[in-house]
Amino acid sequence: MSKTISQQELEQYLWGAAVLLRGVIDPGEYKSIIFPLMFFKRISDVYDEEYQEALEESDGDKEYAEFAENHRFQVPLGAHWEDVRNVSIDVGKAIKTAMSEIEKANPDRLAGIFGDTNWTNKNRLTDKILIDLVEHFSTINLSLKSVPQDEFGTGYEYLIKKFADDSGHTAAEFYTNRTVVRLMSMIVDPKTGESIYDPTCGSGGMLLNAALLAKENDQEYRNISLYGQEINIITSAIARMNMFLHGFEDFHIVRGDTLSNPSFVENDRVKQFDMVLANPPYSIKKWNQKAWQHDPWGRNIYGTPPQGCADYAFFQHIISSLREDTGRCAILWPHGILFRDAEFDMRKQLIESDVVDCVIGLGKNLFYNSVMESCIVVCSKNKPEKRKGKVLFINGLEQVIEEKQMAFLSDENIQTLYELYKGYENVPRLSHVASLDEIKKKDFSLNVPIYVQKYELGEVEESLEELVQQWNKSSTEIKQHTIELFSTLKEVI
């Protein structure tokens, strides 16, 4: 019987693989090597576990134990982990071949899941390095009994965060601060049977956290539909592995460029979902602005963003992807989208369409490797009656905790911000409900500090003229007292 390992042991084991690569491979590339190997090992060990169970069930019938129906995934002859473990020369080639055979044997679910890592480049991945990695992963049985799905999923998320902490400039591509994701998930409040979409899904953390929140709230979460698109091949593969390792099998994660080629399309327009959670890449310059002007899916509802910044292209894609009756979204943005002049006309139309529900201003360092201040913009296609024609502004600056140039929200901070969102009322220094007329008077800026004062100044009853007179009188008195003081000093001296 397989030994069950603790969460701490699992995390040490997973991170131990990364330690073997230190000084040899750039930390930003760890994920493209370790995640596929880990998933390969998991598939092999689960296959063995299922084979043994079927063997016992059939009183030793080996042919029955090999039936495809008895296995989640097929592992073809010669493509098992132990087959690779027995290789000592051209190990990279053996790994690549085994992964390719497993993908071919499971075309509907695993095609392309191991990514495009160049396993046969011996200048980068020598036989010794790969043998060390294979032997390291071989020290623990990754069967379902040894490492249940929830625990493996948690361990996988731990590794994704560790890679983000260690990866430098590439971290933001695949990881969003999970404390912020938690708040965003609470705000959109996923319900059983609904659909969730992330157009730039990275490692899939937003989709998973939202679905798992429904589970935490005792909702039937297995029938929540998860959709994601990710442009980076290895990151989209990591997202798919993330889903499987968390026990989700009915999901739709595809690789591709959301702006130039949205993958989820129906009835000549982009597919619409109950919820969108997103942290789009900020201010990308390399995108097809010309094509956006004649977007075949009609997403350019508010206009064409400047070439140097595609933020409002993603914004319009997200609004277009919301269902008219239930559609709601929470998007993590840099502060600039709230007030930049270049996007004034699009922002004006966005506000006038009355889909903006709430703006939460957050602090710095919530994006990986960027000190930019961030904000969450919440939108709804069908606001509750009391929220129509209004926008709630929340000052979340003081809720953000900063440690060693990284920021996060504690459970208490998350709850405070969530209650402010649900409360929907004016709270000194924390929140303000603004009408669309008020926002119009502020030149359609959504910048939180012009609606929520950081400091409480108190009530001032006197008129400006009275205050000026008092200031002049005080100045005259101070001047007279100063003259008297110097006169007294002269007499003493």
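Located above this text is the structure these notes cover.
Residues numbered from 1 in each chain as written. Predicted model: local features only at pLDDT ≥ 70, side-chain atom pairs only at ≥ 80, totals over all residues. Heavy atoms only, no water.

Caption draft 1: Fine view of empty space enclosed by the protein. Under the criterion given, the structure shown has two cavities of 30 Å³ or more. By volume, the largest cavity is sized at about 160 Å³. Looking at the lining of the largest cavity, the elements with two or more residues in it are α2 (30–57) and α11 (233–245). When grouped by side-chain class, the residues that make up the lining of the largest cavity number eight nonpolar, one polar and four charged. (1 Å grid on protein atoms, 1.4 Å probe; cavity = no way out; pocket = protein on both sides within 12 Å on 5 of 7 lines; lining within 4 Å. Points joined across faces, edges and corners; volume = space filled by probe spheres on them. Helix = DSSP H or I, 4+ residues; strand = E, 2+ residues; numbered from the N terminus. Nonpolar A, V, L, I, M, F, W, Y, C, P; charged D, E, K, R; others polar.)

Caption draft 2: Main features of the layout of surface pockets. Empty space within the second largest pocket amounts to approximately 490 Å³. If you go around the second largest pocket, you meet 21 residues; those closest to its centre are Glu157, Lys161, Tyr175, Arg178 and Thr179. Broken down by secondary-structure element, the contributors of at least two residues to the lining of the second largest pocket are α8 (149–166), α9 (178–188), α10 (205–216) and β12 (406–408). It is α8 that contributes the most residues to the lining of the second largest pocket, seven residues altogether.

Caption draft 3: Molecular detail of the pairing of strand β2 (residues 225–230). Of all six residues in β2, five are buried; the element is thus mostly enclosed. Each parallel crossover has a hand, and the one from strand β1 (residues 195–198) via α10 to β2 is right-handed. Relative to strand β3 (residues 251–255), β2 runs parallel, the two sharing five bridges. Residue pairing for β3: Leu226 is matched across the bridge by Phe251. Read from β2 through α11 to β3, the crossover connection turns out right-handed. (Buried < 20%, exposed > 50% of the residue type's maximum accessible area, 1.4 Å probe, protein only. Right-handed = clockwise from strand over helix to strand, strands pointing away. Pairing = 2+ DSSP bridges.)

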